[in-house]
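Report on the structure
Listed below, chain by chain, are the residues.
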Amino acid sequence: LREGEVSKMAGADGDDSLYPIAVLIDELRNEDVQLRLNSIKKLSTIALALGVERTRTELLPFLTDTIYDEDEVLLALAEQLGNFTMLVGGPEYVHCLLPPLESLATVEETVVRDKAVESLRKISQEHSPVDLEVHFEPLVKRLASGDWFTSRTSACGLFSVCYPRVSSTVKAEIRQHFRTLCSDDTPMVRRAAASKLGEFAKVLELEYVKSDIISLFTALASDEQDSVRLLAVEACVSIATLLPQEDLETLVMPTLRQAAEDKSWRVRYMVADKFSELQKAVGPEITKNDLVPAFQNLLKDCEAEVRAAAANKVKEFCENLPEDNREQIIMTHILPCVKELVSDTNQHVKSALASVIMGLSTILGKDNTIEHLLPLFLAQLKDECPEVRLNIISNLDCVNEVIGIRQLSQSLLPAIVELAEDAKWRVRLAIIEYMPLLAGQLGVEFFDEKLNTLCMAWLIDHVYAIREAATCNLMKLVEKFGAEWAQNTIVPKVLGMANDPNYLHRMTTLFCINALSKACGQEITTKQMLPVVLKMSNDQVANVRFNVAKSLQKIGPILDSNALQTEVKPVLEKLASDTDMDVKYFAQEAISVLALA
Amino acid sequence: LSSSSLLLHHHHHPWSPIMETTKSMRRARQRRSHSSSQFRYQSSQVELTPLPLLKDAPVAELHDLFCKKLQQCCVLFDFLDCVADLKGKEIKRAALNELVESVATSRGVLIEPLYPEAIKMISVNIFRTLPPSENPEFDPEEDEPTLEASWPHLQLVYEFFLRFLESPDFQPSMAKRYVDQKFVLQLLELFDSEDPREREYLKTILHRVYGKLLGLRAYIRKQINNIFLRFIYETEHFNGVAELLEILGSIINGFALPLKSEHKQFLVRVLIPLHTAKSLSIFHAQLAYCVVQFMEKDATVTEYIIRGLLKYWPKTCTQKEVMFLGEIEEILDVIEPSQFMRIQEPLFKQIAACISSPHFQVAERALYFWNNEYILSLIEENCQVILPLVFATLYRVSKEHWNQTIVSLIYNVLKTFMEMNSKLFDDLTASYKVEKQKELKRERERAELWRGLEEYQERRMQMLTEAARNQRNLQERGERGDTLNPSSPQTAHSDQPEPKPSGASSGAGESAT
């Protein structure tokens with residue numbers, strides 16, 4: 001009511017339209033698609049200029065009639081109409097938006113249709129219960145019995161939004177229509193219905209969930225096409241959540257068991273992918289009796305896709321097992337499968353496992369971790385596939401909490417070194433990104449002794465992305481270990497590179513200084529770094545010289561005004577009269593940014 | 001059996017791009033091959049023992065032995081493990097070879113009781129869930145396909161099926177009880193196989209099934225529709241589109257006139273939207289062939305086709321744009337002049353847009369239309385309509401295009417037009433500048449209109465927000481059951497400063513009463 005009032009106010013003086021509708025409609029009809037699209041995107045502006053009355057009587061009929069356009073225009077239109085309630089005069093007139101949206105819900109292009117359905121769902125909430133029955137529900141029925149599959153597909157998404165707010169007679173009709181679509185002739189419609197089954201079940205009364213939904217679920221789960229069957233698995237989660245525990249065994253489990261052993265790997269994959277949700281939905285008893293063996297089978301599936309999906313769920317599944325005999329189930333049923341997966345033939349499977357396996361240590365505790373998991377971690381740290389090793393290394397924190405990292409460090413080091421020298425630069429990049437984390441967990445001594453050399457070696461990598469990441473890594477290390485550590489360990493090495501014969505390495509010195517100066521503080525920057533930068537202003541390579549200018553601009557704010565005036569300024573002035581254009585440019589930029597002019 | 005004997009109606013098929021990749025695919029690394037998940041479901045491995053040869057069997061026992069061999073061939077083997085059960089594999093291979101040989105050469109073998117056994121053997125072997133692609137971003141143009149590991153047996157099973165269908169003894173009335181809708185649906189799903197050898201067999205087999213089992217025709221067409229629609233609107237992935245289109249090419253050929261509305265719907269709602277696929281280049285030749293077939297059957301579909309292509313004209317992919325232009329030329333080659341006149345206007349607007357493409361291959365492809373004598377004659381007949389549509393573009397692009405070849409092609413086109421109708425050409429040249437000015441003026445007016453509209457919107461939005469705020473305040477007070485002061489509701493507005501030293505600011509209005 002409130003918004004209706006507002007829109008009335010909006011309409012009251014909106015009818016003395018400033019623009020003749022023909023001019024505006026011309027904009028929507030422009031020959032150039034791009035211009036038409038721009039106009040449609042500003043449809044609300046046009047509607048506002050027309051006022052609610054003429055929007056209803058002239059603009060909407062025009063839009064309904066000229067629905068044949070480029071899909072991109074239709075998409076924009078479908079989106080706009082979802083926010084048009086105010087512009088047609090508020091909720092009491094919202095049903096005026098249904099005709100154009102109905103046409104849009106029948107077009108071929110999926111994105112347009114989906115957007116039209118989304119808008120219809122949105123405005124359904126703005127319908128009064130009476131309007132819902134008089135205007136909205138008939139639209140759903142028309143779509144549900146449309147000739148072409150597109151309209152029936154769209155109808156599937158609309159049942160659940162009107163069902164809760166209509167009379168019981170209409171409810172019965174809606175259920176009937178949904179039933180019909182679930183056994184539609186075309187697989188596209190059955191897929192749409194199957195994907196909305198869970199959502200529809202949620203708004204149904206429990207008795208109808210048991211009578212209607214279960215039979216539909218069972219039928220869809222044994223459809224001739226696996227693309228339909230796998231969608232029923234998704235619905236299974238919602239349905240199981242709705243039913244009382246005592247009904248699950250008879251109503252849901254036979255179908256779920258069948259899905260877990262489906263002949264199509266896509267269906268089994270879906271079961272594996274939804275395993276945690278399924279586990280929560282069916283509860284601890286069924287989990288123990290049914291899901292544990294099903295999970296074991298999925299972990300041993302003949303298709304790598306399925307094994308990888310299941311391996312991804314190992315930690316979550318174990319975490320959610322009933323606590324009373326969780327350890328026993330893991331040790332006797334899950335761990336043996338996990339052990340096999342460690343030496344799987346497929347690297348995606350191993351890598352999926354490696355991304356979660358460390359999480360088991362918190363669940364199993366110190367002793368089990370040392371005895372049973374540690375050998376697996378160590379094996380994966382030596383895996384031939386770098387991704388597996390990386391996944392182990394990136395999850396070290398879980399193990400660190402339980403058994404401390406020392407247990408691993410002996411094997412860790414060779415693994416890190418090997419990754420650090422991997423031929424693929426993306427692998428090297430990934431390990432660099434874990435360095436700060438590793439440094440924090442392994443401690444400064446271990447780091448200095450074993451890893452420091454690696455970090456410095458990356459600075460002269462032949463791939464720029466690695467040198468850049470290495471620079472950034474140094475900054476993070478300094479933030480972790482402090483300025484004093486920096487001064488003693490890395491700054492001398494970085495500054496030493498300023499004399500390297502390779503200009504790329506000399507530039508790396510500058511990049512490092514850019515990154516480190518802030519973390520190192522004024523003293524180190526002024527006393528150690530600045531002289532090196534200034535000296536490099538005489539470099540014979542122009543790229544180095546203009547990077548000197550850039551560096552000075554960068555570290556300028558850290559220096560005191562004395563250093564700026566007496567040391568930086570003369571050098572920048574000299575560079576500003578360099579023979580090279582770029583050097584001049586960056587020197588001048590630095591002078592103006594540092595206000596040295 | 002050579003691969004060429006498998007090709008259907010090669011006399012009219014633009015094979016080249018497909019055959020080339022197929023050849024290189026044949027050399028693909030075997031070690032990457034992959035079997036399906038079927039093997040898991042065989043309960044226990046049976047040990048095969050060799051049976052007597054068919055050719056040695058007495059006539060009375062021939063059918064019985066044939067049947068036993070069919071049953072023997074229902075045993076499946078693990079081909080991922082290439083050394084497993086070599087003896088069994090060899091026995092099955094030999095048996096399959098014999099079955100193929102026997103069906104192909106001897107008459108009177110195919111008697112009714114063998115049909116269910118033969119179809120069962122075929123089903124058990126070929127129907128399986130295809131394995132996941134080893135390369136999820138498999139690009140049929142770039143990557144080598146994963147080959148079916150069990151091909152040594154599978155090929156012979158397909159060969160047997162083909163010989164079975166082609167046998168002079170084959171009785172459709174008997175076969176239709178076993179080769180039913182469910183069977184055909186599974187057969188169609190196999191077209192998604194990544195292995196081109198398998199798709200090649202499937203293509204020939206489906207063509208024979210369509211030809212011989214008339215009762216399945218409508219069903220096959222419907223299921224192909226579903227596969228295409230899923231490919232277009234849901235997955236964008238299906239390996240066998242080109243093969244299915246090739247079969248359809250010959251099906252369309254056989255359509256009776258006047259075209260049924262089902263067939264027109266297939267053209268408009270399936271074939272035309274297929275042009276939107278990302279992987280169009282893989283099956284464009286077959287698709288364009290189908291489209292032109294439709295036109296040659298019934299010229300009245302021309303307008304649907306061209307308007308459809310214009311609707312789906314590629315916006316950013318120049319490679320596809322060149323393919324579209326190629327297809328348009330194929331269409332124009334056979335278009336009826338009366339149909340041409342119906343679509344010339346939107347079509348030449350698009351052609352003009354292509355000519356002004358900064359990508360020289362697109363512009364070049366469009367300009368080549370003027371080298372086509374039939375198209376040129378159509379243009380000449382309709383010069384009064386077409387020249388004004390393209391003139392401004394030609395004039396502008398001739399001065400602006402970066403590529404010299406394009407510039408000289410445009411000069412030729414302009415020269416052709418000048419010769420066709422020098423009066424019109426001179427008029428257009430004279431009015432070019434004026435038209436340009438008019439266009440600029442229209443643009444300014446548009447900008448002006450939108451500026452006005454947007455200013456208006458801003459004012460309205462301000463008013464609306466204010467109105468909504470007042471309304472809400474009134475309402476809130478009403479809900480709280482406060483007595484309103486109708487003369488000055490504004491005093492109750494929360495934005496109004498209240499002379500209260502403390503207390504809730506939002507509830508200020510309330511405390512004022």
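About the criteria used
- Residues numbered from 1 in each chain as written.
- Chains lettered and ligands numbered in written order.
- Predicted model: local features only at pLDDT ≥ 70, side-chain atom pairs only at ≥ 80, totals over all residues.
- Heavy atoms only, no water.
- Helix = DSSP H or I, 4+ residues; strand = E, 2+ residues; numbered from the N terminus.
- Buried < 20%, exposed > 50% of the residue type's maximum accessible area, 1.4 Å probe, protein only.
- Contact = heavy atoms within 4.5 Å.
- Core = buried A, V, L, I, M, F, W, Y, C linked by side-chain atoms within 4.5 Å.
- Buried area = accessible area lost by both parts, 1.4 Å probe.
- Salt bridge = Lys/Arg side-chain N within 4 Å of Asp/Glu carboxyl O.
- Polar contact = N/O pair within 3.5 Å; in protein donor to acceptor, adjacent residues only side chain to side chain.
- Lys, Arg positive; Asp, Glu negative; His and termini not counted.
- UniProt positions renumbered as here; feature names shortened; annotations may be inferred.
- Bend = angle between axes of the 7 residues up to and from the residue.
- pLDDT = per-residue confidence, 0-100.
- Axes fitted to C-alpha atoms, helices over the stretch in contact; angles between N-to-C directions.
- Parallel < 35°, antiparallel > 145°, perpendicular 65-115°, else oblique.
- Nonpolar A, V, L, I, M, F, W, Y, C, P; charged D, E, K, R; others polar.

1. Section: the overall build of chain B
When its secondary structure is counted, chain B shows 21 helices and zero strands. Going through the 513 residues of chain B one by one, you find that 50% of them count as buried. For chain B, contacts bridging at least 24 residues in sequence account for 76% of all contacts bridging at least 6.

2. Comments concerning the nonpolar core
Note that soluble globular proteins tend to have their nonpolar side chains buried in a common cluster. Membership of the largest hydrophobic core comes to 368 residues, with the highest contact counts inside it found for Leu572 of chain A together with Phe228 and Phe417 of chain B. Ranked by residues supplied to this core, first place goes to helix 31 (residues 503–535) of chain A with twelve residues. Leu572 of chain A has contacts with Ala549, Leu552, Ala587, Ala590, Ile591, Leu594 and Leu596 of chain A, leaving out every residue within four places of it along the chain. Listed in part, the six residues of the second largest apolar core include Leu48, Phe77, Phe79 and Ile91 of chain B.

3. Regarding the interface of chain A and chain B
Contacts between the two partners involve 54 residues from chain A, matched on the other side by 45 residues from chain B. Between chain A and chain B, a total of about 4400 Å² is buried, with carbon and sulfur atoms accounting for 56% of that surface. For the interface between chain A and chain B, the tally reads eight salt bridges. As a salt-bridge pair, Lys349 of chain B and Glu31 of chain A come within 3.4 Å of each other at their nearest N and O atoms. For the pair chain A and chain B, the interface holds twelve residue pairs in polar contact (both at pLDDT 80 or more). Mapped by element, the contributors of at least two residues to the side of chain A that touches chain B are helix 1 (2–12), helix 2 (21–28), helix 3 (33–41), helix 4 (43–65), helix 7 (110–124), helix 12 (187–203), helix 14 (226–242) and helix 17 (265–273) of chain A. Ranked by residues supplied to the side of chain A that touches chain B, first place goes to helix 1 of chain A with six residues.

4. A look at unusual backbone geometry
All names here are of chain B. The residue after Leu257, namely Pro258, is reached through a cis peptide bond having omega -5°. In this structure, Pro258 sits in the loop between helix 10 (241–253) and helix 11 (261–271). Residues other than glycine seldom take positive phi values, yet Asp85 does so here, at roughly 45°. Assignment of secondary structure puts Asp85 in the loop between helix 2 (59–72) and helix 3 (86–105). Of note, Glu236 is a non-glycine position whose phi angle comes to about 55°, a positive value. Note on placement: Glu236 falls in the loop between helix 9 (217–235) and helix 10.

5. Some points on the side chain of Asp422 of chain A
Residue and element names in this part refer to chain A. By secondary structure assignment, the location of Asp422 is in the loop between helix 26 (406–420) and helix 27 (425–442). Summary of buried charges: Asp422 has no salt-bridge partner, and the nearest side chain of opposite charge, Arg389, is 4.7 Å away. Excluding its chain neighbours within four sequence positions, the residues that come into contact with Asp422 are Pro386, Val427 and Arg428.

6. With respect to the UniProt feature "domain: Phosphatase 2A Regulatory Subunit A helical" (unreviewed entry) in chain A
In the numbering adopted here, UniProt assigns the feature "domain: Phosphatase 2A Regulatory Subunit A helical" (unreviewed entry) to residues 97–278 of chain A. Taken end to end, residues 97–278 of chain A is 79% helix and 0% strand, and its first and last C-alpha atoms sit 39 Å apart.

7. A few points about helix 8 (residues 129–144) of chain A
When the local axis directions of helix 8 of chain A are compared, the greatest deviation, roughly 35°, occurs at Phe136 of chain A, which is followed within four positions by the proline Pro138 of chain A. Within the span of helix 8 of chain A, buried status applies to Asp131, Leu132, Phe136, Glu137, Leu139, Val140, Leu143 and Ala144 of chain A.

8. Some points on the confidence of the model for chain A
Mean pLDDT for chain A: 89, with 97% of residues reaching 70 or above. Across residues 1–16 of chain A, where pLDDT falls below 50, the model places 37 contacts with residues more than four positions away in sequence or in other chains.

9. With respect to the packing of helix 19 (residues 304–312) of chain A against helix 22 (residues 347–356) of chain A
For any two helices packed against each other, the geometry is given by the interaxial angle and the distance between the axes. Residues and elements named next belong to chain A. Contact geometry for helix 19 and helix 22: axes closest at 8 Å, N-to-C directions at 5°. On the basis of the axis angle, helix 19 is roughly parallel to helix 22. Facing helix 19, whose interface residues are Ala304, Arg307, Ala308, Ala311 and Asn312, helix 22 presents His348, Val349, Ala352, Leu353, Ser355 and Val356. Classifying every residue of the contact of helix 19 with helix 22 by side-chain character gives seven nonpolar, three polar and one charged.

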